[in-house]
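Each chain, written out:
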Amino acid sequence: MRHGLLARALPAFVLLAALAGPVLAQDGLAYQQPPAPIADILDTKPTPTPSLSPDRTTLALFERANLPPIAELAEPMLRLAGYRINPRNNGPANSRVTWLTGLSLQPVAGGEARTVALPANARFLSPSWSPDGKSIALMMDAPTGLELWVVDVASGQARKLTDARVNAAGGGAFDWLPDSSGLMVRMTPEGRGAAPDVSRAPVGPTVEESMGRTAPARTYQDLLSNAGDEALFDHYFTSQLTLVPLNGPARTLGAPAVYLGAGVSPDGQHVLQTTARRPYSYVVPAALFPADVVVTDLQGRVVHRVADLPLRDNIPTPFDAVAPGPRSVQWRADAPATLVWTEAQDGGDPRTPAEVRDRVFMLAAPFNAGPTRLIDLKERYAGVTWGDADTALVNSRWFNTRHETRYVVDPSNPGSGRVLLERNYQDRYNDPGSPVTEPNDQGFPVIRFARDGRVLTTGPGATREGEYPFLAAMDLSNGQSERLWSSASGDYESVVGILDEEGRRLVTRRETRNDPPNLFVRDLDASRQDALTTFPDPAPQLAGVSKQTIAYTRADGVALSGTLYLPAGYDKDRDGPLPLVMWAYPAEFTDAAVAGQVVDSANRFTRPGGISHLFLLTQGYAVLDDPSMPIVGVGGAEPNDTYVEQLKASAEAAVEAVVGMGVADRERIAVGGHSYGAFMTANLLAHTDLFRTGIARSGAYNRTLTPFGFQAEQRTYWEATETYTEMSPFTYANRVNEPILLIHGEADDNSGTFPVQSERFYAALKGNGATVRYVVLPLEAHGYRARESVGHTLWEMTRWLDQYVKNAPPRSAAP
């Protein structure tokens, strides 16, 4: 009787939901632990991070904190103008920090490593070598802020240089003086009071307006949103530049300001500063606020005004678009005090026809002459590598064609350059490498030349058989390179530093399929190597896992590949086909041949960490890792206009490849991905029946919420409405007939992947009767960091796959 009365009293939709199956929130669910041995691997102490001193005599080994507890992420966080900061210490938020916890110094010549004595429970950030290699500066966390400390390499002693007023809210908080005598530090102003009280009731609405001015803006996160945010931004980002010597009293330099950048010139006599000014914007991050770019002396007096930059909220949406006016302003590395910058000659809009896209300028102290043109570029400026008085290398790139040009220029005879090489920068097989750079006496990176004048280069050495890093010497007169050394077959060994003038003694980082990465001193003449470090295997539980690169072909002829992992002890004849997880991330190309390049990874040491899908190997799953999902646009065609068709074809080819090998059960294959890989996963479930289930983490599913471009799509929603609509799995939520697990960080900070993307996609799937689980991880950003969150994510993934793949009935018997 009571049930009958209840049924008559309840609305019909509530009763139907109860009868059809629960659609329930699980707020009371505690964090779960993944199955063994995953938890043990997660809790293994991380391998130290090595750093070679500028004088190449000492190796610093930095101990790293493991995954932080969720309580650490729960510290207060402010989201201001594109930054996330911790108001307790005026530094970056804990979600964006990997704390270092210890330091030891290892002589490159051999001998015992010396442990540097630090305070109990010390944790620090941003270690930086002095130009002379005799000191290491770092920021030490303290209860009320960040302190600047310095380590003396000779004695191994550490000491505090400042109180807890270092301001790291905007990133780099200090810069070594070129003579290594001290540092220029951004400090919170002396006597700064409490933060503004923004909890009071508002006195009026927040208003934004645009009066007929075209100002498209991409989808940014963590922007200012009201007057209270502006007040907090001013409070936490205002710094006082301070010169802090290693010995002696500190002194201030100029007045407090909101510094977006500050760097000392190589001669130590000038400071290049970029400061933000009002009015601030609610639609772009701080990097695009109105700003003054000036040069001051060491007393803070302005000696040159480089640029008065307006608010840059109207940059066109194409990826080759830039803001008008000076940009990429920097010091020339090999000159005492010479400014270098570039300016667009097409108004910053790549759709405007122009012979010259960017012009690069130089201006030397005392800055009272006109700027000198270094070179005109037909593409966008992509950086310069300085060599000596008559040698520099300038790079330019054009996204639309993935084209790169490298020029040789003579700074002593500026105005033009000579093309050194041109290439598709996605072409891995023909990558010539990059110049080796080393810090000069002032600590600025410059090209390392061989004794015969050639430029030393290093590169990944990608081939069909694998990547074999190399050291080469390039003749700048003709672009020809001679290989001086390359990694041996079966090894993956890369150059960390060069120890002698002849370039015959190297510090290298070597790994193999079975040997974890370690550092060695390699003597090319004696053909010998001596170990500097002996880091152990961080996850020996996975030592028996097999790995191979498989190659296959898409129906349209595009060559594809992926890395197939099989669980330890697997025998195909004995065990038969396995449940398999395919984890992928699409990429766009303009050349089908480049898209189809296969590079074997058999010489790489692979161990999972964090939320890696490779942990599934411990649970009896095979994994096809990073199977190619190229989206190719040839001859000017837009790749995304055929996104779904190409995605389906690539997935079909991958499934046929692993099934044909006999290692995967066609009825037990899942697909998954993170971010753009999650977007791919949802599309594959909507448009194919290849997979039993999908796992989509931190994705975007409705492209109308990113209307001014996304990933490699440059067109706006209004220019490519059909493409945006067809690419959005939200449009086809009614076609998703396989179970899907959605996971998203509550505080996702990635452009475009707002948590509302998963929230609304879940609502669409639920409303159309799909089998879906939606997990929101408190306090987590785009990548998940807390130990509890990481463990729970892996628990969710394993549990879901066990239910809907490993132990699922055949499709014909599935409900």
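Quick summary incoming for the structure in this document.

About the criteria used
Residues numbered from 1 in each chain as written. Predicted model: local features only at pLDDT ≥ 70, side-chain atom pairs only at ≥ 80, totals over all residues. Heavy atoms only, no water. Helix = DSSP H or I, 4+ residues; strand = E, 2+ residues; numbered from the N terminus. Expected span 1.5 Å × (residues − 1). Buried < 20%, exposed > 50% of the residue type's maximum accessible area, 1.4 Å probe, protein only. Pairing = 2+ DSSP bridges. Axes fitted to C-alpha atoms, helices over the stretch in contact; angles between N-to-C directions. Phe/Tyr/Trp six-rings, centres within 6.5 Å; stacked < 30°, edge-to-face > 60°.

## Points about helix 8 (residues 643-660)
Okay, so step 1: Taking 1.5 Å of rise per residue, the 18 residues of helix 8 would be expected to cover 26 Å, and the 26 Å separating its terminal C-alpha atoms lies within 8% of that figure.
Okay, so step 2: Most of helix 8 sits out of view: 13 of its 18 residues are buried.
Okay, so step 3: One or two steps after helix 8, the chain reaches Gly662, where phi turns positive at roughly 85°.

## Re the pairing of strand 22 (residues 358-364)
Okay, so step 1: Where burial is concerned, most of strand 22 is hidden: five out of the seven residues are buried.
Okay, so step 2: When strand 21 (residues 338-344) meets strand 22, the two strands line up antiparallel, connected through seven bridges. Residue Ala344 lies in a different strand from strand 22, and its bridge partner there is Asp358.

## Some thoughts on the sheet that holds strand 25 (residues 391-398)
Okay, so step 1: Strand order across the open sheet formed by four strands is 24-25-26-27, with antiparallel pairing between neighbours. One side of each edge strand has no neighbouring strand; the edge strands of this open sheet are strand 24 (380-388) and strand 27 (417-424). Averaged over all pairs of adjacent strands, the angle between their axes in this sheet comes to 20°, without regard to strand direction.
Okay, so step 2: Direction of pairing for strand 26 (residues 403-409) relative to strand 27: antiparallel, over a ladder of seven bridges. The partner of Val408 across the bridge, within strand 27, is Arg418.

## Things to note about unusual backbone geometry
Okay, so step 1: The omega angle of the peptide bond from Arg278 to Pro279 is 5°, so this bond is cis rather than trans.
Okay, so step 2: The residue Pro279 is located in the loop between strand 17 (270-276) and strand 18 (291-297) in this model.
Okay, so step 3: A cis amide bond links Ala365 to the next residue, Pro366, at an omega of 15°.
Okay, so step 4: Residue position: Pro366 is located in the loop between strand 22 and strand 23 (372-377).
Okay, so step 5: With a phi angle near 60°, Arg56 is a residue other than glycine that sits in the positive phi range.
Okay, so step 6: Checked against the element boundaries, Arg56 lands in the loop between strand 1 (49-52) and strand 2 (58-64).
Okay, so step 7: Its identity is not glycine, yet Leu779 carries a phi of approximately 70°, on the positive side.
Okay, so step 8: When you line up the elements, Leu779 lands in the loop between strand 49 (772-777) and helix 12 (787-806).

## What to know about the packing of aromatic side chains
Okay, so step 1: As enumerated under the stated definition, the model contains 20 aromatic pairs in all.
Okay, so step 2: Between the aromatic rings of Tyr83 and Phe237, the centroid separation amounts to 5.0 Å while the plane-to-plane angle is 50°, which identifies the pairing as tilted. Separated by 154 residues along the polypeptide, Tyr83 in strand 4 (residues 83-86) and Phe237 in helix 5 (residues 227-237) bring together distant segments of the chain.
Okay, so step 3: Relative accessible area serves as the criterion here: at 21%, Tyr83 is assigned to the partly exposed category.
Okay, so step 4: Owing to a relative accessible area of 3%, Phe237 belongs among the buried residues under this scheme.
Okay, so step 5: Between Trp341 and Phe361 the ring centres are 5.7 Å apart and the planes differ by 25°, which places this aromatic pair in the stacked class. In this pair, Trp341 sits in strand 21 while Phe361 sits in strand 22, placing the two residues 20 residues apart along the sequence. Take Trp341 and Phe361: they sit in the same class, and that class is buried.
Okay, so step 6: Through successive ring pairs, a cluster of aromatic residues spans Tyr585, Tyr643, Tyr676, Phe679, Phe708, Phe710, Tyr717, Trp718 and Tyr724.

## Description of the sheet that holds strand 22
Okay, so step 1: Spatially, four strands are ordered 20-21-22-23 in an open sheet, and the strand pairing comes out antiparallel. Across the chains shown, the open sheet's two edge strands, defined by having one partner strand only, are strand 20 (327-331) and strand 23. Each strand of the sheet is rotated relative to its neighbour by a mean of 15°, with strand direction disregarded.

Everything listed here is a matter of geometry and, on its own, says nothing about what the molecule does.
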